[in-house]
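# What the coordinates show
Given next are the chains, with one letter for each unit.
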Amino acid sequence: MALSIITNIFAGNPLDRASERRGDEAWLAEKADDPHSLAVAIWNGKALVEDLVCAQDGEESKVTGVQIAYLRADMAKELAATPERLLFLGLWKDIAVFAVDLEGGADPAEGPLQGLGRFEELRGIALTLPPPDAGILATAKSMFEWRRKHKWCSNCGQETAVSDGGWKRLCPSCHTEHFPRTDPVAIMLALHDGKCLLGRQAGWPPGMYSALAGFLEPGETIEEACARELMEEAGLTATAVRYHSSQPWPWPSSLMMGLMADVDSDTAAPDQTELEAVKWFTKDEAKALIAGELEGFFAPPPLAIAHQLIKAWAEGED
């Protein structure tokens, strides 16, 4: 359910997560065997998709993007072989939706899934997916990234076992429960006297500038993290911080919290560690930047919340 008129790419997962059913192993098993249940497939981080074909009255059908290529859940369960690779995503009305995690060098679309779709990198297809599909796939990808990286108990080092439909891992040795990790990130557009500040990292393509960002630290509020990052990376002092919107970011699993931050000066200097350069842009320059029309500079693509922050400010947000 949309709670805001601002919905970034990968937000807006339409499924009822049905978290109250995750602990019911008998119900999950029944749903996984139900011929009406569906599943999405992820292979080495890529999503199984198919062409999205649309036609208007009197016009020839044409490909307008891609969409999830759903499998039957019982097929996904067979491919998974063990509960370790199967995830209960939630319910679409009364239909259960799962995800299966496939790994290995051989493309399953040329094997057991031949003719059912093709695997594509999520970053490359995000803008051509229906927004609900992008949200579903981002959830599955983030969860499987967590599964792969948290197979061992951080308390005692023993191998953990999957539980709660894939949403929890249990250590059989010390009985510690492990839950999915989401890393909070403050990403901010610094504003002063009708200009916004963008920075660039040394490893980025020449001419690319983006909003400043950094991970929240323990014991820190979102506003405090924003102020700290602005001081550390650009030597700026924040005077006011306003929330704009947020975005799940499945590389591997972050929550980007978009902010607008007023600062007390336009005297900015890159720290030469995180940033190699910073630059102030007027609103007209920012509009040209996101349109790809500012010679020598470009912004992150529209799938990134940084692009949406710049766009929102350039088009009238103070």
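For the structure, check the block above.
The present account deals with the structure reproduced in this document. (Residues numbered from 1 in each chain as written. Predicted model: local features only at pLDDT ≥ 70, side-chain atom pairs only at ≥ 80, totals over all residues. Heavy atoms only, no water.)

### Focus on the environment of D264
Locating D264 in the fold gives a position in the loop between strand 15 (254–263) and strand 16 (277–282). For D264, a relative accessible area of 46% puts it in the partly exposed group. Separated by 32 residues in sequence, D264 and G296 place their C-alpha atoms 28 Å apart. For D264, the residues in contact, after removing those within four places along its chain, are H192, T237 and T239. (Helix = DSSP H or I, 4+ residues; strand = E, 2+ residues; numbered from the N terminus. Buried < 20%, exposed > 50% of the residue type's maximum accessible area, 1.4 Å probe, protein only. Contact = heavy atoms within 4.5 Å.)

### Here's the deal with the pattern of salt bridges
Side chains carrying opposite charge are able to pair once their charged atoms draw close together. Counted under the stated rule, the structure contains 26 salt bridges. One salt bridge connects E145 with K141, and the closest N-O pair in it is separated by 3.4 Å. A residue pair is termed a helical-turn pair when its members lie 3 or 4 positions apart in one helix, as E145 and K141 do in helix 4 (residues 131–149) at four residues. There is no split in this pair, since E145 and K141 are both buried. As a salt-bridge pair, R228 and E217 come within 3.8 Å of each other at their nearest N and O atoms. Taken as a pair, R228 in helix 5 (residues 222–234) and E217 in the loop between strand 13 (212–215) and helix 5 lie far apart in primary sequence, eleven residues in all. With relative accessibility at 16%, the residue R228 sits in the buried group. Since its relative accessible area comes to 44%, E217 is described here as partly exposed. By sharing partners, the salt bridges in this structure join E84, R85, D101, E103, K141, E145, R147, R148 and R169 into a single network. (Salt bridge = Lys/Arg side-chain N within 4 Å of Asp/Glu carboxyl O.)

### With respect to the sheet that holds strand 10 (residues 177–178)
The strand order 8-9-10 describes an open sheet built from three strands, whose pairing is antiparallel. Edge positions in the sheet fall to strand 8 (161–163) and strand 10, since each of these pairs with one other strand and no more. When strand 9 (residues 168–170) meets strand 10, the two strands line up antiparallel, connected through two bridges. For L170, the partnering residue across the bridge sits in strand 10 and is E177. (Pairing = 2+ DSSP bridges.)

### Let's talk about empty space enclosed by the protein
Counted according to the given criterion, the structure contains one cavity of 30 Å³ or more. By volume, the largest cavity is sized at about 60 Å³. Taken together, P83, E84, L86, L87, M143, F144, W146, R147, V162, G166 and R169 make up the full set of residues lining the largest cavity. If you list the elements that add at least two residues to the lining of the largest cavity, you get strand 5 (86–92) and helix 4. (1 Å grid on protein atoms, 1.4 Å probe; cavity = no way out; pocket = protein on both sides within 12 Å on 5 of 7 lines; lining within 4 Å. Points joined across faces, edges and corners; volume = space filled by probe spheres on them.)

### Focus: the packing of helix 1 (residues 25–33) against helix 2 (residues 73–80)
Look at helix 1 against helix 2: their axes get within 6 Å of each other, and the N-to-C directions meet at 110°. One element, helix 1, and the other, helix 2, form an angle in the roughly perpendicular class. Across the interface between the two elements, A29, K31, A32 and D33 of helix 1 pack against A73, D74 and K77 of helix 2. Its residues assigned to classes, the contact of helix 1 with helix 2 shows three nonpolar, no polar and four charged. (Axes fitted to C-alpha atoms, helices over the stretch in contact; angles between N-to-C directions. Parallel < 35°, antiparallel > 145°, perpendicular 65-115°, else oblique. Nonpolar A, V, L, I, M, F, W, Y, C, P; charged D, E, K, R; others polar.)

### Focus on the side chain of N13
On the secondary structure map, N13 appears in the segment before helix 1. The exposure class assigned to N13 is buried, which follows from its relative accessible area of 15%. A polar contact is formed between the side chain of N13 and the backbone nitrogen of L15, at a distance of 3.0 Å. Among the polar contacts listed, one links the side chain of N13 to the side chain of T139, at a separation of 3.0 Å. When neighbours within four sequence positions are excluded, N13 is seen to be in contact with G135, I136 and T139. (Polar contact = N/O pair within 3.5 Å; in protein donor to acceptor, adjacent residues only side chain to side chain.)

### Some points on unusual backbone geometry
The omega torsion of the bond from W251 to P252 falls at -5°, within 30 degrees of zero and hence cis. Topologically, P252 is positioned in the loop between strand 14 (238–249) and strand 15. At N44, a position not held by glycine, the phi torsion is positive, near 50°. Residue N44 is classed as partly exposed on the basis of its relative accessible area of 39%.

### Re the pairing of strand 1 (residues 38–43)
In terms of burial, strand 1 is largely enclosed, as five of its six residues are buried. In this sheet, strand 6 (residues 95–102) lies alongside strand 1 in parallel orientation, the contact comprising six bridges. Bridged to A39 within strand 6 is F98.

### Re helix 1
Since the α-helix turns once every 3.6 residues, residues separated by three or four places project in the same direction. Buried within helix 1 we find W27, L28, K31 and A32. Viewed end-on, helix 1 has its buried residues packed into an arc of 135°, placing them on one side of the element. For helix 1, the exposed residues lying more than 90 degrees away from the buried face are E25, A26 and E30. In this fold, the buried residues of helix 1 make contact with helix 2, strand 5 and strand 6. (Arc of directions from axis to C-beta.)

In short, shape yes, function no, at least from these values alone.
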